[in-house]
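# Chains, contacts and geometry: an overview
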Amino acid sequence: MNSYFKLGTLSAILLSLSAASYARDIEVIVKVKKTVSDPLTRSEKNVDPQLAARQLQTSGLQLATLFELPDPARDWRMTKTDSLKTVEAMQRHNLDRYFQISKPPATEREAQALVEKLKQNPLVETAYVRPEAVSIGEPPLPEESAATRSVPNYADCDATPISSCQYYLYPDIAKSPYRMGGLNVVEAHKRYANKGELSRIVSVEINHWNYDHPNLPKPFLKHWDTSQHKVDSHDTSSAGVMFSKDNGIGTIGIAARAQAGYSKYGSGPQLLDLAKQLKAGDVVQVGIHYSYVNGLPEYGCKINCYMPVEQAEDVFDAISYMTAEKGIHVVIAAANGNINLDHPNLKRKYDRKIRDSGAIYAGAADPKDAKRASFSQYGGRVDLFSWGRNVTSTSWSAQNPNGYTTTYSGTSSANPIIAGSVALLQSIARANNLGDIPPKKMRDILVRSGQPLRYPDPAAPIGMQPDLVKAADIMLQDAGGGWQPAPVAVISGDNDVPAGSQVTLSAAKSTGDNLKYAWSIQPALPLNTNGSEVSFSIPNLQKDTQYLVKLKITDAKNRTSEDSMELWARGQENGVLPDINIHGDKEVVAGDVEEGAIIEADMPAGKKLRFEWKNTSGLTLHPNFNQLLIFADKGVPSRTHTIHLEVFDGAKKLARAVTPSP
């Protein structure tokens, strides 16, 4: 759901929704009971679904089977034994007990009246008018075109502004303008040398992504009602989050090298047919929700309400079949209805202890305030969450088909973030000979790895945001065999020094066992190494000179990791940079969102002054020229933090300061 719209456009959208709700095809679904009470024997008797359907037809209704059971007489590729096994599996998930009314009433009101009448029949477990499936929220606004202008590398948040880069790929560290970070995808790519190449993702939406976008792959699968396939922006943005190509421009997907497929949403029968095309370990993201234009007042929503696709019983049972029988990972949007899935009138329909399909439900958070997004569904069934606003991805419009956006939002954006995460973990599992992770176990791993919202509402939970490095570690450690995390190289030390000085850098923050360290520097200088440290002397230089320091570590299993640092030696013609004083508050209260700490730097002489404030330990900084407002989230550790300041006069650095923070 995007906050961007034009007032005139909004009226048109509402009018089109209203028209669709009256003009759409009406579908009435009936699910017959598995057993009924026999008053004579006072016991439960099994119900033959086909016999029950024939009895219901005596009242003038015409019923057709909703899910087609396999028949080896019709399908020569299936043996009788395979057919019997498939039928038994479908029966375990109630798929033989669904029927649809062949000639439903002409109006919604008449169809609903028929449903209420059917519910009174002792053979009927439930009946319902299928709600309208719609894409989740408004289309994102395209902002960049690959065809008309240079496209930045949105995945590089050092080179691209935080407000427009893919910061959801980075660790969960608050960085202005965001009060939450991401899923640690970049580090997972690096640490496990894996970008989803051993996984497959199928996007299930109303329309499909732009197959010709330069940053997106061609599909390995085009499925269901193919004559009605059309391109749109919604799935183009979902696709970009999950599997944008790893080509150094534009965006990069969480599972950038996964195979990608598309299936047009068509409720339970479509999902069951899709399952036939897939194999264990494949990932399906369902990027739609059901619309209830006239409201769901019994759940606290008066008009224009939305619910997850599993609100329809046949969809729930089809997904249950996919996860339990086929081992397919299914990720579905919790929906943009701001409805409590634990509402008492839902009668525990979304209580995982009572009814669990094995799917992952994705809720949405607002990264700018680290709270639940106001539109997101919530409740105990919402397993995981991620960014529901300000998501950078690929986009499409008729005028700008190869575009990019920084405004993708809703559970629309959170859902593919979670789906891409599942695909990346599944690929890492296969690369480490763990095979296909069962769907419920995958869900558990992601939840265990995750971090809660920084500012949660206990009455409206939306689960955890995964950390993919932690998730992969948990997955591999659970597998046993003495697995240890791969090493990670980290260089620390001052990267801005005066010419003629002695420099010492450290690799002590690197992780791994029995590490060996290999250092290099360009332009070349003599290096002295001592364990995890390296030292060298900068010659007396007249001009500023940049050096590139590289570190390669190797652990006992011969696994390696690399890091690098750009180091500036300031020439003597510029003199030694003076230190400037910083003064102001000395403490800040963690979790206080009303009052932060304020510090201020002295003003050096110069024109066109620019102050660059930095902190790398999780503080939230709001700079205002030579003043700085500081907040500390609840998760920031209570200790002394360091703030760095550099002052520039145009392109020339004038002064610097390093000071303990509040």
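For the protein, an unreviewed UniProt entry supplies the name S8 family serine peptidase and the organism Chromobacterium aquaticum. UniProt's Sequence similarities (unreviewed entry) comment on the protein is quoted here verbatim: "Belongs to the peptidase S8 family."

A few words on the side chain of Lys349. Here Lys349 shows up in the loop between strand S15 (329-333) and strand S16 (360-366). At a separation of 2.7 Å, a polar atom in the side chain of Lys349 contacts the main-chain carbonyl oxygen of Gln311. Residues within four places of Lys349 in sequence aside, it is in contact with Glu310, Gln311, Glu313 and Arg355.

Our focus in this paragraph is the packing of helix H5 (residues 185-192) against helix H11 (residues 468-478). Pairs of packed helices are described in terms of their axes, by the angle between the two and the distance that separates them. Running from amino to carboxyl end, H5 crosses H11 at an angle of 45°, the nearest separation of the two axes being 8 Å. On the basis of their axis angle, the class for H5 and H11 is oblique. Within the contact between the two elements, H5 uses Val185, Glu187, Ala188, Arg191 and Tyr192 and H11 uses Leu468, Val469, Ala472, Asp473 and Leu476. Considered class by class, the residues forming the contact of H5 with H11 number seven nonpolar, no polar and three charged.

Our next topic: the sheet that holds strand S7 (residues 132-135). Read across the sheet, three strands follow the order S7-S13-S14 without closing on themselves; strand pairing throughout is antiparallel. Of all strands in the sheet, those with a lone pairing partner are S7 and strand S14 (305-307), marking the two edges. Strand-to-strand twist across the sheet, computed as the mean angle between neighbouring axes with direction ignored, equals 50°.

Let's shift gears to the state of the cysteines. In the structure shown here, the tally under the stated rule is two disulfides. Through a disulfide, Cys157 is tied to Cys165; the S-S separation comes to 2.0 Å. Because the sign of the S-S torsion sets the handedness, a value of about 100° for the bond joining Cys157 and Cys165 places this disulfide among the right-handed ones. Exposure remark for Cys157: the relative accessible area of 7% places this residue in the buried category. Paired through a disulfide, Cys301 and Cys305 show a sulfur-sulfur distance of 1.9 Å. Handedness here is read from the sign of the S-S torsion; for Cys301 and Cys305, about -100°, the answer is left-handed. Each member of the pair, Cys301 as well as Cys305, is classed as buried.

This part takes up the environment of Thr642. Among the structural elements, Thr642 can be located in strand S33 (residues 642-649). Look at Thr642 and you get partly exposed, because its relative accessible area is 34%.

Time to look at the sheet that holds strand S24 (residues 528-530). As summarised here, the arrangement of the three strands in space is S22-S25-S24, forming an open sheet in which the pairing is antiparallel. Edge positions in the sheet fall to strand S22 (502-506) and S24, since each of these pairs with one other strand and no more. Between one strand axis and the next, the sheet turns by 20° as a mean value, whatever way the strands run. Alignment of S24 against strand S25 (residues 533-537), held across three bridges, turns out to be antiparallel. From the neighbouring strand, Asn530 faces S25, where its bridge partner is Glu533.

Turning our eyes to something else, we now look at the pattern of salt bridges. On inspection of all chains with the given rule, the structure shows 33 salt bridges. Between Glu325 and Arg92 there is a salt bridge whose closest N-O contact spans 3.0 Å. Placement of Glu325 in helix H8 (residues 313-326) and of Arg92 in helix H3 (residues 80-92) is noted, with a sequence separation of 233 residues between them. On the accessibility criterion, Glu325 (30% relative accessible area) is partly exposed. Connected via shared salt-bridge partners are Lys31, Arg97, Glu125, Glu313, Asp317, Lys349 and Arg355.

Averaged over every residue, the pLDDT of the protein is 87; the share at 70 or more is 89%. Long-range and interchain partners of residues 1-22, a stretch whose pLDDT sits below 50, account for 25 contacts in this model, where long-range means more than four residues apart.

In this section: the nonpolar core. Here is a general trend for soluble globular proteins: nonpolar side chains tend to be buried in one another's company. Within the largest apolar cluster, 110 residues are counted, with the highest numbers of intra-cluster contacts made by Val284, Val286, Val309, Val330, Leu446 and Leu468. Here the element with the most residues in this core is helix H9 (residues 411-431); it accounts for nine residues. Leaving out residues up to four positions away in the same chain, Val286 has contacts with Val204, Tyr265, Val309, Val330, Val331, Ile332, Ala333 and Asn415. Listed in part, the 22 residues of the second largest apolar core include Val503, Ala507, Leu525 and Leu551.

Positionally, Asn495 belongs in the loop between H11 and strand S21 (496-498). Asn495 gets classed as partly exposed once you look at its relative accessible area, which sits at 37%. Expressed as a C-alpha distance, the spacing of Asn495 and Gln546, which sit 51 residues apart in the sequence, is 9.7 Å. Excluding anything up to four places from it in sequence, Asn495 contacts Met565, Glu566, Leu567 and Trp568.

Before going further, it helps to spend a moment on the packing of aromatic side chains. For any pair of aromatic rings, geometry is given as the distance between the ring centres together with the angle between the planes. One pass over the full model with this rule turns up 12 aromatic pairs. Aromatic pair Tyr167 and Tyr170: ring centres 5.7 Å apart, planes at 15°, arrangement stacked. Each member of the pair, Tyr167 as well as Tyr170, carries the same accessibility label: buried. Arranged with centres 6.3 Å apart and planes meeting at 15°, the rings of Tyr167 and Tyr178 form a pair that is stacked. Taken together, the positions of Tyr167 in the loop between strand S8 (144-145) and H5 and Tyr178 in the loop between S8 and H5 put the pair 11 residues apart, joining distant regions of the chain. Comparing Tyr167 with Tyr178, the two get one shared label, buried. Chaining the aromatic ring pairs together yields one cluster made of Tyr167, Tyr168, Tyr170, Tyr178 and Trp387. Over the aromatic face of Phe631 sits the side chain of Arg179, whose NZ or CZ is 5.4 Å from the ring centroid. A cation over an aromatic ring shows up here: Arg355 above the ring of Phe316, its NZ or CZ 3.8 Å from the ring centre.

Before going further, it helps to examine H9. Relative to the 30 Å expected for 21 residues at 1.5 Å per residue, H9 spans 30 Å between its end C-alpha atoms, a close match to the ideal helical length. Asn433 sits one or two residues past H9 and shows a positive phi near 60°.

At the junction of Ser176 and Pro177, the peptide bond is cis and its omega measures out at 10° in the coordinates. Locating Pro177 in the fold gives a position in the loop between S8 and H5. Here the amide bond leading from Gln522 into Pro523 is cis, since omega sits at -10°, within 30 degrees of zero. Looking at where Pro523 falls in the secondary structure, it is placed in the loop between strand S23 (516-522) and S24. The phi angle at Asn94 is positive, at roughly 70°, despite the residue not being glycine. Within the element layout of this structure, Asn94 appears in the loop between H3 and strand S5 (98-101).

Calculation rules
- Residues numbered from 1 in each chain as written.
- Predicted model: local features only at pLDDT ≥ 70, side-chain atom pairs only at ≥ 80, totals over all residues.
- Heavy atoms only, no water.
- UniProt positions renumbered as here; feature names shortened; annotations may be inferred.
- Helix = DSSP H or I, 4+ residues; strand = E, 2+ residues; numbered from the N terminus.
- Polar contact = N/O pair within 3.5 Å; in protein donor to acceptor, adjacent residues only side chain to side chain.
- Contact = heavy atoms within 4.5 Å.
- Axes fitted to C-alpha atoms, helices over the stretch in contact; angles between N-to-C directions.
- Parallel < 35°, antiparallel > 145°, perpendicular 65-115°, else oblique.
- Nonpolar A, V, L, I, M, F, W, Y, C, P; charged D, E, K, R; others polar.
- Pairing = 2+ DSSP bridges.
- Disulfide = S-S within 2.5 Å.
- Buried < 20%, exposed > 50% of the residue type's maximum accessible area, 1.4 Å probe, protein only.
- Salt bridge = Lys/Arg side-chain N within 4 Å of Asp/Glu carboxyl O.
- pLDDT = per-residue confidence, 0-100.
- Core = buried A, V, L, I, M, F, W, Y, C linked by side-chain atoms within 4.5 Å.
- Phe/Tyr/Trp six-rings, centres within 6.5 Å; stacked < 30°, edge-to-face > 60°.
- Lys NZ or Arg CZ within 6 Å of the ring centre and 35° of its normal.
- Expected span 1.5 Å × (residues − 1).

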